[in-house]
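Below, each chain spelled out in residue letters.
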Amino acid sequence: MTRVLSRYRFLVEALGLRQVDVYRVREGGREVDILRVYDPSTSKVVIVNLGALRESLDQREFLDRLLKGLAEAGVRVSEKRLSRILPQR
């Protein structure tokens, strides 16, 4: 299980951010993961609600939800870093 979850941490770190911790809470009768992510460029800790468990999402869905949460919190992600992670279409 640890190896599976470390893939998600790698995606966060590849964006130039640091995953502080992950909370698993019950929301509306189901469990969801909430990430706390540190942005070193702004010294800001952002809370991102994934709306699902990390292991139930594939890496693309996880990245989409993470980017959406970061955008809502006002954290900008470098296009250069993002292009290294996302597959070319």
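This text follows the structure it describes.
Residues numbered from 1 in each chain as written. Predicted model: local features only at pLDDT ≥ 70, side-chain atom pairs only at ≥ 80, totals over all residues. Heavy atoms only, no water.

### Digging into the sheet that holds strand β1 (residues 18-27)
Here's step 1: Pairing in this open sheet of three strands is antiparallel, and the strands run β1-β2-β3 from one edge to the other. The sheet is open, and its two borders are formed by β1 and β3 (44-49), each paired with just one other strand. Geometrically, the sheet is characterised by an average inter-axis angle of 20 degrees between neighbouring strands, direction not taken into account.
Here's step 2: Here β1 runs beside strand β2 (residues 30-39); their pairing, made up of nine bridges, is antiparallel. When the sheet's bridge partners are listed, R18 is paired in β2 with Y38. (Pairing = 2+ DSSP bridges. Helix = DSSP H or I, 4+ residues; strand = E, 2+ residues; numbered from the N terminus. Axes fitted to C-alpha atoms, helices over the stretch in contact; angles between N-to-C directions.)

### Section: the side chain of D39
Here's step 1: Tracing the chain through its elements places D39 in strand β2.
Here's step 2: One buried charged residue, D39, forms no salt bridge at all, with the nearest opposite charge on K44 at 7.3 Å.
Here's step 3: Here S41 takes part through its side chain, which lies 2.9 Å from a polar atom of the side chain of D39.
Here's step 4: Setting aside chain neighbours within four positions, we find D39 in contact with L17, K44 and V75. (Buried < 20%, exposed > 50% of the residue type's maximum accessible area, 1.4 Å probe, protein only. Lys, Arg positive; Asp, Glu negative; His and termini not counted. Salt bridge = Lys/Arg side-chain N within 4 Å of Asp/Glu carboxyl O. Polar contact = N/O pair within 3.5 Å; in protein donor to acceptor, adjacent residues only side chain to side chain. Contact = heavy atoms within 4.5 Å.)

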